[in-house]
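What follows is the residue order along each chain.
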Amino acid sequence: MLEAKVVCNKNFITGEIDPRLFGSFAEHMGRVIYSGIYEPQNCCSDEHGFRKDVLHTVKEMGVTAVRYPGGNFVSAYHWEDGVGPKECRPRRLELAWKSIETNEFGTNEFMQWARIAGVIPILTVNLGTRGIDEAVQYLEYCNFPEGTKYSELRKSHGIEQPYGVKLWCLGNEMDGHWQIGHKSAADYGKLAAETGKAMKAIDPEIELIACGSSLSSMPTCPQWDMEVLEQAYEVIDYLALHQYYGGQEKGTKDFLAQSLDMEEYIKTIRSAAQVVKQKKHSDKNMKFSVDEWGVWAASATTVVKEAEKNAWQTAPSLSEQIYTMEDALLFAEMQMAIVRNADVIKIACQSLLTNVSACIMTEKGGGLWLQTIYYPFYYFANYAHGVVLETVVSCETYKSSQFEVPYLDVLAVWNKEEQEIAVFLVNRSETESIKCEACFQDFELNDVKMAVALYAEDKKMTNQLDHNAVVPRKNTSVSIQGNRCTVEAAPLSFHVVRLG
């Protein structure tokens, strides 16, 4: 058995956790929308066509915000197609995923769904094939009270009061060659700045998210981010980071080590923003939105081939990845990296909400089941509230192809209101349990309020056939004495311990 020491101190806090860190993402891709969150023919659906089982699960899961409508989809999207009487909405060729878009579900349906789900809406404007005019018209439709062309159009659609959407993304992944309307950093930065200025002239209270690098591995990262910030620093409120990891075929050690790449990516973009701030002699500290993140098991080539195979269908099955126990561990590590940087990362959207790289899998005409990655999200969203404690970890390490990797990954969060500490752990070792002793200096521990573990006999086990194959179990190995807590973590396991 390996041993690890962890030290936290009440006086050393790295950042306050914004509730919006536990967001998700709904794009018109595959079955995310149609038969995912919206399926009028399903017996589980309400009078609006929204799946009640999905709504219940979203609430239980703890999702706080949802980004819509894309994603790659948005870069050729006409928002006007998705408002007004459904019988008048056009069927269009959807270019990003090569499908037929019926526009049966659009902005009005999403806003209604978001209200019922109790989530903060994040809308994205098309800066691929469109630009400033359409962005301000979309904002006018959503947020302006009355008396203008688009505010009155909204009212004619039965929505008297403005939606008051506060968070807006200025396009999507504009650094990517795959993106319709792909631009250079200089061109995108200028367009984002001018679009942002026009939008804030209409509603000064909105917050704007500009596209940063789509992946840490992009050849233009971090130069892209710096050039965009040079152009738009004083206009935008957040710079977006997107990150997905695959590589399961490389072996568990290298696969799980990728969370260290995410830490490096965040550190790099934070530094890039700091350089631009100093160059501009600005008083403004840039904040960040990781508004697409997740584990991606399928290669980009596979997704493209799948889209080609199902070309010009309506909501075909696409990239419906099935997650393993191993995937859930990297997913948890990625979430820990995001929360660990809560001092500057204020928004994060796990990608996607249903069916495509998703926590929730639905059956068309039937029910739903939960993937292995659902459980880490659930525990972070429900219990990682308050402030992040600076954590010093001493444990054995292993060498991956890129990093010196600690076998134990740890995050500690202090919820002052509930007077509890939530500790999240991942044991990366394939063969050894870890005995972890955590010392919480200047705290007095009273009881173990909850201790659960997620693990499986086979790291490749999924919940696809047996929906309860990989589920949390009670961990009886946790003990406290004074200000110390001892936890035994089985090989390749995720743990949550709540201490009173």
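Described below are features of the structure shown in this document. (Residues numbered from 1 in each chain as written. Predicted model: local features only at pLDDT ≥ 70, side-chain atom pairs only at ≥ 80, totals over all residues. Heavy atoms only, no water.)

**Some remarks on the sheet that holds strand E18 (residues 420-427)**
Next up, step 1: Read from one edge of the open sheet, ten strands run E21-E20-E24-E18-E17-E14-E1-E19-E23-E22, paired in mixed fashion. Where the open sheet ends on each side, the last strands, each with one partner, are strand E21 (473-474) and strand E22 (479-481).
Next up, step 2: By the bridge criterion, eight bridges tie strand E17 (residues 408-415) to E18 in an arrangement that is antiparallel. Looking at the pairing, Val410 lines up with Leu425 of E18.
Next up, step 3: Here helix H9 (residues 325-340) sits on the sheet in contact with strand E1 (2-16), strand E14 (387-395), E17, E18, strand E20 (448-454) and strand E24 (493-499), set at roughly 50° to E17. (Pairing = 2+ DSSP bridges. Helix = DSSP H or I, 4+ residues; strand = E, 2+ residues; numbered from the N terminus. Contact = heavy atoms within 4.5 Å. Axes fitted to C-alpha atoms, helices over the stretch in contact; angles between N-to-C directions.)

**A look at the packing of aromatic side chains**
Next up, step 1: Counted according to the given criterion, the structure contains 24 aromatic pairs.
Next up, step 2: Each ring, one from Tyr188 and one from Trp224, has its centre 5.8 Å from the other, and the planes form 15°; the classification is stacked. Taken together, the positions of Tyr188 in helix H5 (residues 185-202) and Trp224 in helix H6 (residues 223-232) put the pair 36 residues apart, joining distant regions of the chain. Just as Tyr188 is buried, Trp224 falls in that class too.
Next up, step 3: Judged by centre distance (5.8 Å) and plane angle (35°), the ring pair of Phe380 and Phe494 falls under tilted. (Phe/Tyr/Trp six-rings, centres within 6.5 Å; stacked < 30°, edge-to-face > 60°. Buried < 20%, exposed > 50% of the residue type's maximum accessible area, 1.4 Å probe, protein only.)

**A word on the sheet that holds strand E6 (residues 120-125)**
Next up, step 1: If you trace the eight strands once around the closed barrel, you get E2-E3-E6-E7-E8-E9-E10-E11, paired in parallel fashion. Sheet twist, expressed as the average angle between the axes of neighbouring strands with direction ignored, equals 30°.
Next up, step 2: Pairing between strand E7 (residues 167-170) and strand E8 (residues 207-210): four bridges, direction parallel. Of the residues in E8, the one forming a bridge with Leu170 is Ala210.

**Considerations on empty space enclosed by the protein**
Next up, step 1: The tally for this structure, following the rule as stated, stands at five cavities of 30 Å³ or more.
Next up, step 2: What lines the largest cavity is His28, Met29, Gly30, Ile33, Tyr34, Ser99, Ile100, Glu101, Thr314, Ala315 and Pro316.
Next up, step 3: Tallied by class, residues from the lining of the largest cavity come to six nonpolar, four polar and one charged.
Next up, step 4: Roughly 60 Å³ of volume is contained in the second largest cavity.
Next up, step 5: Around the second largest cavity, the lining residues are Val6, Val410, Val423, Leu425, Cys436, Glu437, Ala438, Phe440, Cys485, Val487, Val497 and Leu499.
Next up, step 6: For the lining of the second largest cavity, the secondary-structure elements that each account for two or more residues are E18, strand E19 (434-441), strand E23 (484-489) and E24.
Next up, step 7: No other element matches the four residues that E19 contributes to the lining of the second largest cavity.
Next up, step 8: Across the lining of the second largest cavity, the residue classes break down as eleven nonpolar, no polar and one charged. (1 Å grid on protein atoms, 1.4 Å probe; cavity = no way out; pocket = protein on both sides within 12 Å on 5 of 7 lines; lining within 4 Å. Points joined across faces, edges and corners; volume = space filled by probe spheres on them. Nonpolar A, V, L, I, M, F, W, Y, C, P; charged D, E, K, R; others polar.)

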